[in-house]
Structures are given as C-alpha cells and as structure tokens.
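# Inside the fold
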Amino acid sequence: MTSAVNHFTYGLLTPVLAYVMSCIGSMLGLRLTAQAHASRGGARLRWLLGGAISIGGTGIWVMHFIAMMGFQVEGTQIKYDVWLTAASAVVAIVVVGTGLLLVSYGRGRVLALLGGGLLTGLGVASMHYLGMYAMNMSAHVSYDRLTVAASVVIAVVAATVALWFTLRVKKPIWITLAALVMGVAVSGMHYTGIYAMHVTVDPEPGVVSGADALDFLVPLMTVISLITLTMLLMVILSPSEEELHEDAELVAKLELRRRTAQQEQQLTYPAPPPPMPMPRPRRQAMQGRRR
C-alpha cells in the first residue's frame with residue numbers, strides 16, 4: 001500500500017530550526033573564509049578548513065538531518081545506517097572544502113568559480129541523497145526523476161552563489177544577508193529533494209536495522225554544533241580583515257616616521273669628516289732613508 005508520508009511531524013519546529021542552523025553555519029563559514037583571504041600560508045588553509053566544516057557540516061549536513069527529524073512514514077519505523085550517515089557528513093565537508101580551495105586559490109576567476117560551484121553542488125546533492133539512502137525502513141523507496149534533477153540544479157546554483165559570496169562579502173551586514181540567502185537555498189534544495197521521494201510500505205513490515213535518530217543523530221549533531229561554537233569563539237577573538245589592514249597601515253606609518261626622523265637628524269647633525277692621517281715623525285723618516 002502507499003504510505004502516508006509526513007514531512008512536518010513536529011509542525012514548523014524542524015524546518016525553522018533547520019533553517020536557523022543553516023544560516024548560522026553559513027554565516028560563520030563566510031566569516032572564516034573572509035579571515036582566510038586576509039591570511040597567508042598555513043593559517044589560510046586552517047581558516048578555509050574551518051569554513052568547510054561550518055558551511056558543509058553545520059550549514060548543510062546538520063540542517064539536513066534536523067529537517068529529517070520531522071520526516072515520518074506511517075506504518076514503518078525509520079532508522080539510520082551509522083556508516084552511511086557519517087559518510088554523508090564527510091562528503092559535505094570535503095566537497096565544500098574543495099570548492100573553497102578552488103575559488104580561493106583561483107583568485108576569483110570565473111572558470112574557477114563555475115567549476116567549484118558545479119563540483120560543490122553535485123557533492124551537496126550527493127550528500128543529500130546519500131543521507132536519504134542511509135534511512136532504513138520496511139518499505140520500497142522510489143524517486144521522481146524530474147524533481148531530483150530540479151534539486152540538483154538548485155544545489156549547483158546555491159553552491160555557486162555561496163562560493164561567490166565567500167569572495168565578495170566582507171562586512172558583517174552583508175555576511176548576515178548572504179547567510180540568510182544561503183539558508184533559503186539549502187533548505188529549498190533539501191525539501192525539493194525530499195518531495196522527490198515516494199515511499200510504499202511493505203504489506204508485512206519486518207524488523208528494521210540501524211540506529212534510532214535520537215540515539216545517533218542527536219549526539220553527532222551536538223558534536224558538530226560544539227565545534228561550530230568553538231570556531232565562532234576563534235573568529236570573535238581573531239582580528240578582522242579591516243583590523244589587519246589598519247594594523248598594517250599603522251606599522252607602515254610608524255616606519256615612515258622613523259625613516260623621516262633619521263633623515264632629518266642626518267641633515268641637522270651631519271656626520272663628522274674622517275680623521276686626517278698623522279704625519280710620520282722626522283726621526284723615523286731619517287732612519288728609514290739610512291736603511
């Protein structure tokens with residue numbers, strides 16, 4: 001028989017909370033990438049890694065599974081494959097990190113942006129459907145191809161726009177607005193993909209293997225959220241790009257003043273002439289001639 005699928009078991013709680021977490025992860029990720037663009041060497045890679053964890057881990061993966069908390073199918077239990085679910089989190093972080101590296105070291109070129117957006121979007125869509133495939137239930141699951149294709153297009157467009165934001169937005173107000181837009185895009189992709197699923201419960205439901213959402217997903221999402229909060233503290237305690245530029249300008253002004261003072265001192269108090277050579281004593285000169 002065809003099941004009754006409920007996407008909003010707890011009402012607006014799960015979609016609103018998922019959207020908020022997506023915005024928080026995106027906002028922090030944009031802030032971290034802005035910090036990365038102001039850094040060099042190993043520090044730049046560390047900030048980009050933090051941005052990947054924030055956007056891919058909290059902004060996308062945590063959002064996905066918070067939304068899935070409200071997904072239920074009447075007539076069967078829903079449990080999760082532990083390894084596939086963990087793999088979906090790794091996929092989200094890796095593809096976002098790869099996209100950030102391509103765009104950051106591609107110096108904002110259009111080809112790097114489009115390539116990074118395509119790779120990241122396909123990776124995010126893969127994470128989404130891998131996470132849905134990790135759901136175990138006593139039912140047959142199929143997908144509407146047209147809706148799946150629409151969700152993939154949304155994922156690619158959203159990823160490209162997100163990567164463009166990482167290059168352009170620097171000020172807090174624009175980072176906040178960009179994060180709100182990214183949250184809408186990620187949530188839209190998720191619910192488009194979830195509506196592509198058609199579930200038919202087995203006539204005789206059997207035993208469903210896997211881990212319960214509350215026993216597995218909640219602790220994992222808590223760990224990722226704590227990592228996000230830790231990185232948030234790191235960002236708060238670190239100087240912003242504007243502060244780094246101001247410090248560099250201040251150091252340059254101080255160095256210019258020091259050189260100007262040295263030049264003025266040299267003009268006011270010129271260096272004394274070198275000492276004249278002492279004449280040789282006459283007696284020593286006579287002895288030298290006798291020899």
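Predicted model, so just to flag it, every value in this text is computed and none were measured.

## Let's talk about the overall build of the chain
- Each helix and strand counted, the chain has nine helices and six strands in total.
- Taken over 291 residues, the chain has a buried fraction of 42%.
- Surface accessibility of the chain: about 17000 Å² in total, with carbon and sulfur atoms responsible for 67%.

## As for the packing of helix H1 (residues 13–37) against helix H2 (residues 41–68)
- Between H1 and H2, the least distance of the axes is 8 Å, while the angle of their chain directions is 170 degrees. Classified by the angle their axes make, H1 and H2 are roughly antiparallel.
- The residue makeup of the contact of H1 with H2, split by class, is 14 nonpolar, 13 polar and one charged.

## Some points on the environment of Ser 22
- Mapped onto the secondary structure, Ser 22 falls in helix H1.
- Given the relative accessible area of 0%, Ser 22 is considered buried.
- C-alpha of Ser 22 to C-alpha of Thr 58: the two residues are 36 residues apart in sequence and 6.4 Å apart in space.
- Every residue in contact with Ser 22, bar those within four places of it in the chain, is listed here: Thr 58, Gly 59, Met 63, Met 182, Gly 183 and Val 186.

## Focus on the UniProt feature "transmembrane region" (unreviewed entry) in the chain
- UniProt records the feature "transmembrane region" (unreviewed entry) at residues 12–33, 45–71, 83–103, 110–134, 146–167, 174–196 and 216–237, using the numbering of this structure.
- In residues 110–134, helix accounts for 96% and strand for 0%; the two terminal C-alpha atoms are 36 Å from one another.

## Considerations on the nonpolar core
- Among the nonpolar cores identified, the biggest contains 58 residues, and Trp 61, Phe 71, Tyr 80, Met 135 and Met 137 are the most heavily contacted of them.
- When residues in this core are grouped by element, the largest group, 12 residues, is from H2.

## Focus on the pairing of strand E6 (residues 197–201)
- Of the two faces of E6, only the one carrying Met 197, Val 199 and Val 201 is buried; His 198 and Thr 200 on the other face are not.
- When strand E5 (residues 139–143) meets E6, the two strands line up antiparallel, connected through five bridges. Along E6, the bridge assignment pairs Ala 139 with Val 201.

## A look at the side chain of His 64
- Structurally, the position occupied by His 64 is in helix H2.
- Residue class for His 64 comes out buried when judged on its relative accessible area of 1%.
- Among the polar contacts made by the side chain of His 64, one reaches the side chain of His 190 at a distance of 3.0 Å.
- Among all residues touching His 64, those that are not within four sequence positions of it are His 128, Gly 131, Met 132 and His 190.

## Quick notes on the environment of Leu 119
- Along the chain, Leu 119 falls in helix H4 (residues 110–133).
- In this structure Leu 119 comes out as partly exposed when scored by relative accessible area, which is 39%.
- On a C-alpha basis, the gap between Leu 119 and Leu 102 in space is 9.9 Å, while along the polypeptide they are 17 residues apart.

## Concerning the packing of aromatic side chains
- Taken as a whole and judged by the stated rule, the model has five aromatic pairs.
- Their ring planes at 70 degrees and their centres at 5.9 Å tell us that Phe 65 and Tyr 80 sit as a pair that is edge-to-face. A residue pair is termed long-range when its members are at least 10 positions apart, and Phe 65 in helix H2 and Tyr 80 in strand E3 (residues 79–80) qualify at 15 residues. For the pair Phe 65 and Tyr 80, a shared accessibility class is recorded, and that class is buried.
- Within the aromatic cluster, the residues linked to one another by ring pairs are Trp 61, Phe 65 and Tyr 80.

## Notes on the packing of helix H3 (residues 82–105) against helix H5 (residues 145–168)
- Across the interface, H3 lies against H5 with an axial gap of 10 Å and an inter-helix angle of 45 degrees. If you check the angle between H3 and H5, you find them oblique. Remark: the crossing between H3 and H5 carries right-handed chirality. Side by side, H3 and H5 meet where Gly 99, Leu 100 and Val 103 of the first sit next to Leu 163, Thr 166 and Leu 167 of the second.

## Considerations on a nonpolar patch on the surface
- On the surface, Leu 12, Val 16, Val 20 and Ile 24 cluster together into a nonpolar patch covering about 350 Å² of accessible area.
- As for its position among the elements, Val 16 is in helix H1.
- Residue classification places Val 16 among the partly exposed positions, given a relative accessible area of 46%.

What counts as what
Residues numbered from 1 in each chain as written. Predicted model: local features only at pLDDT ≥ 70, side-chain atom pairs only at ≥ 80, totals over all residues. Heavy atoms only, no water. Helix = DSSP H or I, 4+ residues; strand = E, 2+ residues; numbered from the N terminus. Buried < 20%, exposed > 50% of the residue type's maximum accessible area, 1.4 Å probe, protein only. Areas by Shrake-Rupley, 256 points an atom, 1.4 Å probe, with all protein chains shown as cover. Axes fitted to C-alpha atoms, helices over the stretch in contact; angles between N-to-C directions. Parallel < 35°, antiparallel > 145°, perpendicular 65-115°, else oblique. Nonpolar A, V, L, I, M, F, W, Y, C, P; charged D, E, K, R; others polar. Contact = heavy atoms within 4.5 Å. UniProt positions renumbered as here; feature names shortened; annotations may be inferred. Core = buried A, V, L, I, M, F, W, Y, C linked by side-chain atoms within 4.5 Å. Pairing = 2+ DSSP bridges. Polar contact = N/O pair within 3.5 Å; in protein donor to acceptor, adjacent residues only side chain to side chain. Phe/Tyr/Trp six-rings, centres within 6.5 Å; stacked < 30°, edge-to-face > 60°. Left-handed = near helix turned anticlockwise from the far one by under 90°. Patch = residues over 30% accessible without salt bridge, like charges linked within 9 Å, V, L, I, M, F, W, Y side chains within 5 Å. Salt bridge = Lys/Arg side-chain N within 4 Å of Asp/Glu carboxyl O.

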